[in-house]
Amino acid sequence: MSESQTLLLTDLVDSTRLNETLGDAAMAPLWQAHDVVARQLMATWRGREIARSDGFLVLFESVGDGVGFAAAYHASLRSLDSRLMARVGIHTGPVSLRENSELDRLRGAPVFEVDGVALPIAARVMATCTGGQTLLTEPAVAALGPSSLRVKSHGHWRLKGVGEPVELFEIGDEHSAFEPPPDSAKSYRVVRAAGEWAPARTIPNNLPAERDSFIGRADQLGTLEDLLDSRTRLVTLLGIGGIGKTRLAVRYARTWLGHYPGGAWFCDLSTARDLQGIFSAVASALDVQLGKGDPAEQICTTLAARGACLLILDNFEQVARHAEAALGVWLEHAPQAKFIATSREVLGIAGEQAQVLPPLTAAEGTELFARRSAAVAQFAAALVNVQTVTALVDLLDGLPLAIELAAARSRVLSPTMLLGRMKERFTLLAARGGRQDRQMTMRSTLDWSWDLLPAAERAALAQLSVFEGGFTLDAFEAVFRFDAGVAPSTPLDLLQSLSDKSLVRQVGGDRFDLLQTVQEYAAEHLRAEGRFPGSGPMAALDAETRHGEFFAALTEVHVTGSRCVELGNLAAACRRASDRGDHAAAVRTLALAWAAVELRGPFKLGLDLALCVLAMPGLPSTSRPRFVQGAALYAIGRMQEASTAFEAALAAARGAGDPEREAEVLIVLGALSASAGRTDEAREHLCTALDLARSSRSSALECAALNNLGSLNERLGRTEAAGRDYEAALALARRVKDRRWEGGVLGNLGMVQMAQGRIADASTSFEAGLALARELGHKKWEGNALCNLGLVRQLQGNTESAREYLARSLQLAREMGHARLQAFVLCNLGITEESASNLEAAQEHLDAALTLAEELSDRRTQGQILGYLGLLQCRRGRPEEGRQMIDAGKAHVEAVANESDMALILCQSAEAYLICRDSKSARDELARAQSLATQPTGAAGTSELESALERVARMLSQESVDAT
């Protein structure tokens, strides 16, 4: 008896090729894992396994269960192995289940056989799919009902052995491409034409053939299809030349050709200059002979007669003013026709839907470069370093044309060499051989856009090239100037027009920028004579001067309050002011740039800018450049040079009678002295700075002085005094609403709480500091908070969470060039890995941390790391080396007079002696540690020191028991 069932078939795509690549031994466990996952999902979704080959035949009582299984199955394969992709076909129809005899089952037959035409239909549907795709027949969709997944029709298909065409639907989530599968020998798409079903591939078209593989753009292709699948009939693909508008339009037309039984037609308008040129080009593309009547109406009649058709109008920008007279008429009188226009500016007619084409993603651009370079030189693929190519793609703005032109140089230039020659981008990015189109070079592509601009827009685009890292309308209004011979227009109108022409892009609510390629091109035109009225070297100098004046007038609050977004502009303004000898502007922009660099790095940039300013002839004695130089050197880890720079800054501040600058320098000199173990000198510097800050009523400097006094007391093991200093700084920061210092002090207060064993309180403080750092864009304090939270998670026994926090902190530290933070993170990573018994990884991290600590001349940190390393070496069977490290660590800790640190390293020494079976020395070290451990136990937990004391005492006690 037949009854309706939902049949689902799966198949792993290219499994045989994968098996040949991996070999049977490696493929077997992969198959096993696949089968385990699939069968677990069958149980979850109530499926009955009928047969197994390269995939499964499964029966479900409902389509919903089958669809749920398919979605979970694809997701499981993605997580199992990225090389595994399956196709899934689902059909609902009547089938008969015939049970095999017990003897047949013993011979290998399945329990049931499925009979009925539904089975071959389901098999053909599955075979039609592409990898990662799930297709359903119309009966299955009808029985499905509402679903949270997206369902899209791919039209009707002829399936081999099936009498009538079957409508196929794709179902999936955000990972699904929703592209119709290609035709094959056993299935092909059909469309209704003159009452008959005809293969979609026979639909008339003049689409250009694709010469090479189409890469990426899945999101944009899907967006275009969604727009044209709705009520939209005209989509304008917008973007700068070389971004791939034409390629995307043609790809869409080929992929969804079955949607347009009336044909898909490609028309190149690059030679058109007026309305008659449009008509002539379109008529030629449609293969229509124009008579003596109105050409617009004749074309309209042709389009209307073809019914559901698609017309691609390529390169519409230079005739955009005629869009209404042509496209407007066709939209109105050919209601089934749809249109894609590619243009560098919007057409501005009713019914237009603009789709802005972004650059390729880093992954897409890297793949494109690899494919095209391999086509040029077979050895090039092996030379591709993903990191280098990604950086190259970024400098090429993700522009497909630029990437392809760069890849064409792969025969003689490696990606690293190309990266180093990007200052010659317009020489490099030029095609060779027989190519003669307007996109044979990046320069000619941009020339096409430039030639279409009126003089005012040329002047505006050229002057916009002085910005680095984007700009606001206010900044543009301050920089832009008209020259004689340029028709006046408002900066707002010019910005809008350049944005409409895809030469300026909006990157935020009130922020804009230029692609680097456009910026370099525009800068060339600004400096060259005769490119527009007023262009030339003096025009460039004037624009750069106005740019510098605008950014020098900003306040530190504005710079840091906007998440340091203007750092690029401030750095450019500082360098240019230094080049032209403008001392005041150079020093001012250096100070503002450092305010941003101090929050987010990279600290090397601060050093470079300071050296640039200090190299200016005739620079008056001033503390600021020396202070920035010292602060950058201190962050990078070049301590001796930093000290010299700070001493020079201190002398300049005192010579100028500037107490605020003097306090600022003394605060950092105090930290330097503390790191080197000169604690009395450090306290003297910090107390003097605190007095100066209070006398000058600078709450920010007072917070900084109190914070560093807290750090000094913490370094000396005086946690109660450190806590009082931090609490005072925190109260002041909150009273004056200084959220930057509030976030920083919270992190340090957490360190005191952790030292006191108040782990829960410490975690709360670190979390609050992290939230503030992220809110303000303060990467340095974000990195500190993540590092501290990693240590907290390690103490709480959550190794995986600790690794995650510390890995993110290390990434930030390296991005900023923050040597001190790197040392702390690496030390914490070493502690974490040792707690997880990964001793080799632990030593690698601790060795790296020690190297940095030595470069920083930080005796306390060196002592702490040596203690961890020495005990680790003993645990790894290297007692002599371990004992030497612990003794060296004791010497460093003793120099900074921190009793808590000394107690901890004595505990580590005791453990080392126990490993070496020297119980007497271990007891002596423990007794010394206990006498030094005077810190009270926190109510919420136990400190690292207390844990160490208890652990050693327990080990000694156990050894005594064992001995008796």
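What you are looking at is a predicted structure, and each value in this text was computed from that prediction instead of being measured.

### Comments concerning the environment of D579
Link 1 in the chain: Within the secondary structure layout, D579 lies in helix α25 (residues 567-579).
Link 2 in the chain: In the structure, D579 is positioned 34 residues away from V613 in sequence and 8.9 Å away in space, judged by C-alpha atoms.

### Things to note about empty space enclosed by the protein
Link 1 in the chain: Inspection of the entire model under this criterion finds six cavities of 30 Å³ or more.
Link 2 in the chain: The space that makes up the largest cavity amounts to roughly 120 Å³.
Link 3 in the chain: Together, 15 residues line the largest cavity, and A71, H74, I171, G172 and S176 are the ones closest to its centre.
Link 4 in the chain: Broken down by secondary-structure element, the contributors of at least two residues to the lining of the largest cavity are α3 (63-80) and β8 (166-172).

### Regarding a negative patch on the surface
Link 1 in the chain: A contiguous patch of negative charge on the surface is contributed by E840, E844, D847, E880 and E881.
Link 2 in the chain: Elements with a minimum of two residues in the negative patch: α39 (839-856) and α41 (879-896).
Link 3 in the chain: Per element, the largest residue contribution to the negative patch is three residues, and it comes from α39.
Link 4 in the chain: Positionally, E844 belongs in helix α39.
Link 5 in the chain: Residue classification places E844 among the exposed positions, given a relative accessible area of 56%.

### Topic: the packing of aromatic side chains
Link 1 in the chain: The full count for this structure, using the stated rule, is 17 aromatic pairs.
Link 2 in the chain: Aromatic pair W450 and Y521: ring centres 6.1 Å apart, planes at 75 degrees, arrangement edge-to-face. Here W450 is found in helix α18 (residues 442-451), whereas its partner Y521 is found in helix α22 (residues 516-527), with 71 residues between them in sequence.
Link 3 in the chain: The exposure class assigned to W450 is buried, which follows from its relative accessible area of 5%.
Link 4 in the chain: Seen in terms of ring centroids, W594 and F603 are 6.2 Å apart; in terms of plane orientation they differ by 45 degrees. Their pairing is tilted. Just as W594 is buried, F603 falls in that class too.
Link 5 in the chain: An aromatic cluster is present here, built from F467, F471, F476, F480, F482, F512, F550 and F551 joined pairwise through their rings.
Link 6 in the chain: The ring of W265 is capped by R306, whose NZ or CZ atom sits 4.7 Å from the centre of that ring.
Link 7 in the chain: The ring of Y913 carries R883 above its face, with NZ or CZ at 3.9 Å from the centroid.

### Things to note about the side chain of N569
Link 1 in the chain: With respect to the element layout, N569 can be found in helix α25.
Link 2 in the chain: N569 sits in the buried class, given a relative accessible area of 0%.
Link 3 in the chain: Sequence-distant contacts of N569, that is, excluding residues within four places in its chain, are made with F467, E468, G470, R511, H547 and F551.

Parameters at a glance
- Residues numbered from 1 in each chain as written.
- Predicted model: local features only at pLDDT ≥ 70, side-chain atom pairs only at ≥ 80, totals over all residues.
- Heavy atoms only, no water.
- Helix = DSSP H or I, 4+ residues; strand = E, 2+ residues; numbered from the N terminus.
- 1 Å grid on protein atoms, 1.4 Å probe; cavity = no way out; pocket = protein on both sides within 12 Å on 5 of 7 lines; lining within 4 Å.
- Points joined across faces, edges and corners; volume = space filled by probe spheres on them.
- Patch = residues over 30% accessible without salt bridge, like charges linked within 9 Å, V, L, I, M, F, W, Y side chains within 5 Å.
- Areas by Shrake-Rupley, 256 points an atom, 1.4 Å probe, with all protein chains shown as cover.
- Salt bridge = Lys/Arg side-chain N within 4 Å of Asp/Glu carboxyl O.
- Lys, Arg positive; Asp, Glu negative; His and termini not counted.
- Charge placed at Lys NZ, Arg CZ, Asp CG, Glu CD.
- Buried < 20%, exposed > 50% of the residue type's maximum accessible area, 1.4 Å probe, protein only.
- Phe/Tyr/Trp six-rings, centres within 6.5 Å; stacked < 30°, edge-to-face > 60°.
- Lys NZ or Arg CZ within 6 Å of the ring centre and 35° of its normal.
- Contact = heavy atoms within 4.5 Å.

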